[in-house]
Each structure stands twice: as C-alpha cells, then as structure tokens.
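Structure at a glance
Here is what each chain is made of, one letter per residue.
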Amino acid sequence: MLNSPFAYQDGSLFCEGVSLNDIGREFGTPCYVYSHACIVENYRRFDAAFTSHQHLIAYAVKANSNGAILRILAREGSGADVVSVGELERARAAGIPPDKIVFAGVGKRSDEIERALREEILLLNVESMAEMEQVSRIAARLSLHARIAIRVNPEVIIHTHPYIATGSTGDKFGLPVARAIDAYRRARDDRSIEAIGAHMHIGSQITDLSSYSKAVEIMNELARTISEEGTQLSYLDLGGGLGISYAGDPVSTPDDLAATVLPLLEWFNGRIILEPGRSIVGDAGVLLTTALYSKPSSPRSFLIVDAGMNDFIRPALYGAQHRVLPVRERGSSVNIVDVAGPVCESADILAHHCALPKIEPGEFLAIMDVGAYGFSMSSRYNSRPRPAEVLVRGDEAFLIRERETADDLTLRERVPRFLS
Ligand code: LLP
C-alpha cells in the first residue's frame, strides 16, 4: 500500500482507525491484525497495472488463506491460485468461481486431480510428464476434457532466498523447456487433454525484475515453437513472486512488473494470468505480541515475547528480517535486543538486533509485514494453540479467527484401548 495503514495516532500505533492497544486488550495476544483497506488497495493496484492486456489475477491462497480475506478478494473480482484441495475448498467457499481458479503443485494426488476436473476449474497446472499421464487417465475415466497448462521451469537466475527460488536449474518445479515442448507434443495426441496454457512461477520475494524479462522471453520462444507444431496457447500464466519492502525502502511495484513483461507480450492475444500472494497481503498484516521479560546479557540481550516461531516462522526459516514497533509511541530507541519467543529452540528469534526503547513487561509490540506467509505457515509446535486473527475496516475490528484453546490441541487424538 502507498501509505501504510499502520501509523501512530495520539501516541499509539493504529491499524486504520483502531488502536492496536485496544485490539490487544480485547482479543489478547499473539494476534494477527489485518487492514481491509490495504488488501483492497494492493489488489486494485495490481489489477490496474495490467489493464492494457486481458488478464486474470489469481491470488495465491497459500499466502494467507483466511476465509474473510478470500471473501474480500472474491468481491474485488480476484481468482485463486491453489495448491491443494483444501485451498480449492476455501476458494470456492469464499465465492471464487471455478473458472477463475488455477491449480499448481508438484504432488497432486489422484483425488485432488479428480476434484479439480469435476469442479471444472480454469486450468490444472501440470508439473511433470507422469502427472500429465495421470490427469489424462482420470479425465478419460470421468469422460471429461482436462484443460491444462504445462508448468515450465525457465531455468533463469533468481535473486532471492534459495528456499523460495522455483525457476532455476535443479528446482523441483515444472519441466525444463525441452521437456515441456515434448509434453505439448504428447498432449496433442491425447483426446482427454487440452494443453491450452503455459505456466511459470520463478520464485518469491523477487525485487530484481530482470529475471522476469528473461523468463518471459524463454516462454515466448517456447510458445513460438509449439505454435509451429500446432499448439496455440490461450493462457500464459506468469505466476507470482513480486517482492515487497520489509525494510521500508522502495522496491519494484506492480506497475514496474507490468512495464517489464507487457511489452514482451504484445504478440500474445490470449489471456495473461498473474498469481500474486505476498504483494497483495504482505504489508496488510502485523503480529501483535506482548512483552514478557527483559533479559539483558552479554553478548546478546533478549526481549522475550509471547509470540514464537510456531506463530511466525519466517525469521527462523529464511533469516527474514521484519521491523518491530512498540505499540505505545516513544522517543529514541535505546536498546539493541533480539526479540525472542518462548519456543524451546535457539532459532526462535523473531527479530535480530532490534533497536527499541525500553519496553516494560505487558507492553504490546507489532511485528510488521506479516500478512503473507504468517498465519498460513503457523503450527502448534510446543503445544501452543494457534493465535487469533482480526480484520480492521475503518474504525471497526472483526474477529476472523478465534484463538485456539488447549482442547483444540488434542481434538483429533485418540487413546488406544490398552492405554485407556
Ligand atoms: N504461484 C505459485 C505457483 C506459487 O508457488 C507461489 C508461492 C505464488 C504463486 C505466490 O508467490 P508470491 O507472490 O507470494 O511471492 N513461504 C515463503 C514464500 C513461499 C512462496 C511459495 N510459492 C516466504 O515466507 O517467503
């Protein structure tokens, strides 16, 4: 969003018109808080950037799959990029029509393929030759035509964390160009399959757009080759991946992305699909946490808080750095601390080397830019119930997911007879 919805007013950090202090008191912590206005603005900016070409924005559900957020996007006209039947169910329940849903993933089970075919989604994004054969068998059994895109690995160099690069040589995703061309050839002889799309998704948190232009040029060449052999593409799915600014400095925008790829696609008279996740919801959310203890020590001092790596794993998993702001506004920052969670792992540090004012136990802190891959990657590790989620719209706050309780932890466990 151009102007962050999270700003200090009257000495307290607000989300839109609601004080995070009030939210912390009413709903408890840890708690994810999202701005409605920010999600809507991010979506509209992305959509507007591509208006000069017929396109579909298929929001990447994995970034944040809360039903309220999916409903906001459904109302805006968004489609969905899903990677499991669970995400497909969520997207449908939120009102996203099947003809705006694309389904990717290297390991779709047969029941997932069957469900997607019966639902008549827009495209199954097929990631291997073996998967294509499986789709064909299932479609034949159901007497249906499977509309597919082949996911291509353009094998470009991507400047991002290696765990989230997906379009470089050796990545498990999609088929390298030569194998993909082969897949289109096989699909032409298969009456159960219509290969009408090509898909790429080269990675996530990408800020250097040159990887996109290289990848699109490779897709263009592939499209030319298969068109000479008789396959005309109706859809070109460029995936997601546009990065956001975690440090507060300016980064590439959806307009920049459109200005990079659209001139390369003037020849294409089909529909372009984009699958943004992080750039729609990333800066729309904070994780609200309560300070528990200060632990000054050498060589590191810690501020222990009540949110942990089970609630928010990005710092532990990718070394991601998120800003931390005190909810009560203060003057200068005096301490350098590591903000640490309660989980029994040394990796449970939510923010390294944070400059913060003196924080009293009981004070609220906001971990910024956690709307994407925050709650959706949370777990119950250390038997910690998952946090609550709250959506703010104007001066109203809505609980959109209740905090779990101890009962949730054991809900699906069963005691075998010999132990009861
Ligand atoms: N399309 C496909 C096929 C994807 O696999 C992904 C993300 C997206 C779209 C959306 O990408 P985005 O616009 O959000 O970058 N957990 C990691 C990010 C993993 C991304 C996985 N795929 C993180 O926290 O950085």
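Residues numbered from 1 in each chain as written. Predicted model: local features only at pLDDT ≥ 70, side-chain atom pairs only at ≥ 80, totals over all residues. Heavy atoms only, no water.

All chains considered together, the criterion is met by five aromatic pairs. Judged by centre distance (6.0 Å) and plane angle (80°), the rings of Y32 and F375 are edge-to-face. Remark: F375 occurs in the loop between β19 (364-367) and β20 (388-393) and Y32 occurs in strand β4 (residues 31-35); sequence separation between them is 343 residues. Both residues of the pair, Y32 and F375, belong to the buried class. Centroid distance Y163 to Y318: 6.3 Å. Interplanar angle 70°. Geometry classified as edge-to-face. Here the residue Y163 occupies a position in the loop between β9 (146-153) and β10 (175-176), and Y318 occupies one in helix α11 (residues 314-318), the gap between them amounting to 155 residues. Y163 sits in the exposed class, given a relative accessible area of 57%. Among the aromatic residues, those joined into a ring-pair cluster are Y32, Y34 and F375. (Phe/Tyr/Trp six-rings, centres within 6.5 Å; stacked < 30°, edge-to-face > 60°. Helix = DSSP H or I, 4+ residues; strand = E, 2+ residues; numbered from the N terminus. Buried < 20%, exposed > 50% of the residue type's maximum accessible area, 1.4 Å probe, protein only.)

This next bit is on the side chain of E112. Following the sequence through the fold, E112 ends up in helix α5 (residues 110-119). If we skip the residues at most four places from it in the chain, E112 touches S84, V85, F103 and G107. (Contact = heavy atoms within 4.5 Å.)

With that settled, consider the site of the ligand. Taken together, 18 residues lie around the ligand, and S204, E275, R314, Y318 and Y373 are the ones closest in. Between the ligand and the protein, one listed contact pairs an oxygen atom with a backbone N or O atom of G241 at 2.8 Å. For the ligand, an oxygen atom lies 2.6 Å from a polar atom in the side chain of R314. Contact with the protein chains removes 91% of the 590 Å² of surface that the ligand exposes when unbound. Here the residues of the shell around the ligand sort into six nonpolar, six polar and six charged. If you count residues domain by domain, the shell around the ligand takes at least three from each of domain 1 (6-34 + 282-409) and domain 2 (97-276). (Near = heavy atom within 4 Å. Polar contact = N/O pair within 3.5 Å; in protein donor to acceptor, adjacent residues only side chain to side chain. Areas by Shrake-Rupley, 256 points an atom, 1.4 Å probe, with all protein chains shown as cover. Nonpolar A, V, L, I, M, F, W, Y, C, P; charged D, E, K, R; others polar. Domains from an automatic or database assignment.)

Attention now moves to the pairing of strand β21 (residues 396-401). Bridge analysis of β20 against β21 gives five bridges, and the strand direction is antiparallel. Residue pairing in the sheet places L391 in a bridge with F398 of β21. Between β20 and β21, which pair antiparallel one after the other, the connecting turn spans two residues, and G394 there sits at a positive phi close to 65°. (Pairing = 2+ DSSP bridges.)

Moving on: the nonpolar core. In terms of nonpolar packing, the biggest core is built from 102 residues, with F50, Y59, L124, I148, L238 and V339 touching the most fellow members. Looking at which domains feed residues into this core, each of domain 1 (6-34 + 282-409) and domain 2 (97-276) gives three or more. Sequence-distant contacts of V339, defined by excluding residues within four places in its chain, comprise L303, V305, V324, I349, L350, A351, C354 and L356. Judged by nonpolar contacts, the second largest core, of 18 residues, contains F27, V33, L288 and F364. (Core = buried A, V, L, I, M, F, W, Y, C linked by side-chain atoms within 4.5 Å.)

Here we take up helix α3 (residues 67-76). All of the buried residues in α3 are I69, L70, I72, L73 and A74. Capping the start of α3, N66 holds a side-chain oxygen 2.8 Å from the backbone nitrogen of A68, two or three residues further along. Of the residues trailing α3, G77 is marked for its positive phi of about 100°.

Turning our attention to the environment of R386. Residue position: R386 is located in the loop between β19 and β20. In this structure, the C-alpha to C-alpha distance between R386 and D189, residues 197 residues apart in sequence, is 49 Å.

In this section: the domain arrangement of the chain. A common way to express how large an interface is: the accessible area buried when the components associate. Along its sequence, the chain is organised into domain 1 (6-34 + 282-409) and domain 2 (97-276). When each unit is reduced to the centre of its C-alpha atoms, the spacing between domain 1 and domain 2 is 36 Å. Each side of the interface is counted separately: domain 1 has ten residues, and domain 2 has eight residues. Our count for the contact surface shared by domain 1 and domain 2 stands at zero salt bridges. At the surface where domain 1 touches domain 2, the tally comes to one residue pair in polar contact (both at pLDDT 80 or more). Residues of the side of domain 1 that touches domain 2, tallied by class, amount to three nonpolar, three polar and four charged. (Salt bridge = Lys/Arg side-chain N within 4 Å of Asp/Glu carboxyl O.)

Another aspect to go through is unusual backbone geometry. In this chain, T29 is followed by P30 through a cis amide linkage whose omega measures -10°. Along the chain, S298 connects to P299 via a cis peptide bond; the corresponding omega equals 5°. Take P299: it is sitting in the loop between β14 (285-295) and β15 (302-305). In this model, S143 sits at a positive phi of 55°, which is unusual for a non-glycine residue. If you trace the backbone, S143 turns up in the loop between α6 (129-142) and β9. For Q205, which is not glycine, the phi dihedral falls at a positive 50°. On the secondary structure map, Q205 appears in the loop between β11 (193-199) and α8 (210-228).

Take the environment of E76 next. Relative to the assigned elements, E76 resides in helix α3. For E76, a relative accessible area of 23% puts it in the partly exposed group. For the pair E76 and R44, spaced 32 residues apart in the sequence, the C-alpha separation amounts to 7.9 Å. Ignoring sequence-local partners within four residues, the contact set of E76 consists of V40, Y43 and R44.

Bringing the pattern of salt bridges into the picture now. When the charged atoms of two side chains with opposite charge come close together, those side chains can pair. Taken as a whole and judged by the stated rule, the model has 23 salt bridges. In this structure, D111 engages R109 in a salt bridge whose closest nitrogen and oxygen atoms are separated by 2.8 Å. With a shortest N-O distance of 3.4 Å, R328 and E363 are connected by a salt bridge. Residue R328 is located in the loop between β16 (324-326) and β17 (335-340), and its partner E363 is located in the loop between β18 (349-356) and β19; the two are separated by 35 residues in the primary sequence.

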